[in-house]
Amino acid sequence: MPECPELHLAGRFINGACGALVFAGGVERSAVGRGPEVPFRSEAYSISAIARGKELRLTLSALDPAAGPPAQDLVFRFGMSGSFRLCPAAELPRHAHLRFLTRESPPRALCFVDPRRFGSWRLGAAWQPERGPCVVSEYQAFRENVLKNLDDRAFDKSICEALLNQKYFNGIGNYLRAEILFRLKIPPFEKARTVLEALKEQEQRKKDPSLTLSKKVKLRQENPDLLELCHTVPMEVIMAEKQLFDPEHSDNYAAFKNWLQCYLVPGMSSLRDRSGRTIWFQGEAGPMAPKGQRPRKKSPQVKAEPKALSPKVSSFATTPRALKRRCSAAVNPQKSEEKEEEKEEEADGARKGRARGRRKATAAPALPEVPLNVRRSRRLSAHRGKGAAPAV
């Protein structure tokens, strides 16, 4: 689920971990990576990174520009599970689809790792043209881009759907939109234009020349609007890097879950929007809620881990039907949060289900055939045992 904060943290990690490293050779690509071969080779080059919204750009620069090749830029999208890791070249992680090797001995590798292969990269420095200014690094331009285009048909949709439009909200994804709307108590299926047009009036009040700078700052802090939270909520995640996303901390995901106030939180409701993605919220859904759906509420109780089946239960052949269902539920784990996110990432494309393998029935071993004379002898013995008169 990498969104704007994760991309910015990845850029920070690359610049911090690789700033003093010298890389050498060519760029290695896996056979299944979703990106082109990188035609760059140098005996000594450096790597730097910059993030913008949901994209990250790597720049490979020869240490000797006069003797080396021209700089090469790569723009990455992380998809559902993309990330960068620095590890020994002899211990590459699985799904390392692009690898940059250091010149040291033994060498290390900066790897783009993507288990689900939704991420991709392309050559060149250009950001995707349909993406607007970044909500984190280009806040003022982002704000102006939204407010001056409120007549766009994109704002005819509900606010929860508009927040995923990267033309205007570059960097906002599913968990961020839920957190932003929850904090402002905005129903997710309120019309986007209705919500955002009110910000124009607030904008005029904040520009009142009679207000001092301190009063303007205080006013914004006490009454943050939706566009401000599109900037400050991602910044919370970025500023809490050590607690939330430091790979050295084994409990980082637990810390992230504790930071969440709405998304996947017990007691919150959820609905599928018209794009097929799940929005989490509290209270009323809003007037544009999809018809025919009932909000699902995440149970406030933390479910215990399913108990293992008793070793005495070795077969379902003699088990009552209700017990079969309970045992089946215990054996099959519940749908994970990652699976839910994967479905949302692929909502606008048909997903292929995994074929379930069927076990072939094994025939019981045939009994050895009994000779005919033995069978006759057995019948005669059985007949005598039932009280027949002995032969004279």
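Keep in mind the model is a prediction, meaning the values are calculated, not measured.

It is not clear to me how the overall build of the chain should be interpreted in this structure. Could you clarify?
In terms of regular secondary structure, the chain is built from twelve helices and eleven strands. Working note: accessible area of the chain is about 23,800 Å², and carbon and sulfur atoms make up 52% of it.

What is the right way to read the packing of helix α1 (residues 4-18) against helix α7 (residues 226-239) from this model?
What describes two packed helices is the angle between their axes and the distance between those same axes. Relative orientation of the contacting elements α1 and α7 amounts to 40 degrees, with a least axis distance of 9 Å. One element, α1, and the other, α7, form an angle in the oblique class. Every pair of crossing elements has a handedness; the one defined by α1 and α7 is right-handed. Note on element contacts: α7 touches α1 through P234, V237 and I238, opposite P5, E6, H8, L9 and R12. Its residues assigned to classes, the contact of α1 with α7 shows five nonpolar, one polar and two charged.

Any chance you could explain the pairing of strand β10 (residues 278-281) here in plain terms?
Looking along a regular strand, one sees the side chains alternate between the two faces of the sheet. Of the two faces of β10, the one lined by T278 and W280 and the one lined by I279 and F281 are each fully buried. Two elements, strand β9 (residues 269-272) and β10, share four bridges in a ladder whose sense is antiparallel. Pairing of R272 across the sheet is with T278, part of β10. Hairpin geometry of β9 and β10 is characterised by an intervening segment of five residues between the two adjacent antiparallel strands and by a positive phi of about 90 degrees at G276.

Please explain the environment of Q128 as it appears in this structure.
Within the secondary structure, Q128 is located in the loop between β8 (120-123) and α2 (139-147). Its relative accessible area of 16% is what places Q128 among the buried residues. Considering only alpha carbons, one finds Q128 and E55, 73 residues apart in sequence, at a separation of 8.4 Å. Excluding residues within four positions of it along the chain, Q128 makes contact with E55, R77 and R122.

Just checking my understanding: could you explain the sheet that holds strand β2 (residues 41-52) for this structure?
In sheet architecture, strand pairing relies on hydrogen bonds along the backbone and comes in two forms, parallel and antiparallel. An order of β5-β7-β6-β1-β2-β3-β4-β8 is seen for the eight strands of this open sheet, with the pairing classed as antiparallel. This sheet does not close on itself; its edge strands, each paired only once, are β5 (83-88) and β8. In this sheet, neighbouring strand axes are inclined to one another by 30 degrees on average, regardless of whether the strands run parallel or antiparallel. For strand β4 (residues 72-77) and β8, the ladder comprises four bridges, and the chain directions are antiparallel. The partner of L74 across the bridge, within β8, is L123. Helix-sheet contacts for α1 involve β1 (23-29), β2, β3 (55-62), β5 and β7 (108-113), and the interaxial angle to β2 is about 145 degrees.

What am I meant to see in the packing of aromatic side chains here?
The full count for this structure, using the stated rule, is 16 aromatic pairs. Ring plane angle 90 degrees and centroid distance 5.2 Å describe the contact between Y175 and F256, whose orientation is recorded as edge-to-face. On the criterion of sequence distance, the pair formed by Y175 in helix α4 (residues 174-184) and F256 in helix α9 (residues 252-259) is long-range, its members being 81 residues apart. For the pair shown, Y175 and F256 are each scored as buried. With a centroid separation of 6.0 Å and 20 degrees between ring planes, the pair formed by F256 and W259 is classed as stacked. Here W259 and F256 lie together in helix α9, a separation of three residues that amounts to about one turn. Residue F256 shares its accessibility class with W259, and that shared class is buried. An aromatic cluster of at least three residues, connected via ring pairs, comprises F76, F78, F84, F112 and W121.

Help me out: how do you make sense of the environment of F100 in this one?
When you line up the elements, F100 lands in strand β6 (residues 96-102). We classify F100 as buried; its relative accessible area is 0%. Each C-alpha atom of the pair F100 and I47 lies 9.1 Å from the other, and the pair is 53 residues apart in sequence. Setting aside residues no more than four positions away along its own chain, F100 makes contact with F23, V27, Y45, I47, L58, L60, L74, F84, R108, A109 and L110.

What's the story with the packing of α2 against α7 in this structure? I'm lost.
For the pair α2 and α7, the least separation of the axes is 10 Å and the interaxial angle reads 150 degrees. Our classification of the angle between α2 and α7 gives roughly antiparallel. As α2 packs across α7, the resulting crossing turns out to be right-handed. Residues Y139, F142, R143, V146 and L147 of α2 form the contact with α7, whose participating residues are L227, E228, C230 and H231. In terms of residue class, the contact of α2 with α7 is built from six nonpolar, one polar and two charged.

Sorry, what's going on with the pairing of β1 here?
The element β1 is extensively covered by neighbouring structure, given that five of its seven residues are classed as buried. Direction of pairing for β1 relative to β2: antiparallel, over a ladder of three bridges. Looking at β2, one finds that G26 is bridged to R41. The pairing of β1 with β6 spans four bridges and is classified as antiparallel. Bridged to E28 within β6 is R99.

Rules used throughout
- Residues numbered from 1 in each chain as written.
- Predicted model: local features only at pLDDT ≥ 70, side-chain atom pairs only at ≥ 80, totals over all residues.
- Heavy atoms only, no water.
- Helix = DSSP H or I, 4+ residues; strand = E, 2+ residues; numbered from the N terminus.
- Areas by Shrake-Rupley, 256 points an atom, 1.4 Å probe, with all protein chains shown as cover.
- Axes fitted to C-alpha atoms, helices over the stretch in contact; angles between N-to-C directions.
- Parallel < 35°, antiparallel > 145°, perpendicular 65-115°, else oblique.
- Left-handed = near helix turned anticlockwise from the far one by under 90°.
- Contact = heavy atoms within 4.5 Å.
- Nonpolar A, V, L, I, M, F, W, Y, C, P; charged D, E, K, R; others polar.
- Buried < 20%, exposed > 50% of the residue type's maximum accessible area, 1.4 Å probe, protein only.
- Pairing = 2+ DSSP bridges.
- Phe/Tyr/Trp six-rings, centres within 6.5 Å; stacked < 30°, edge-to-face > 60°.

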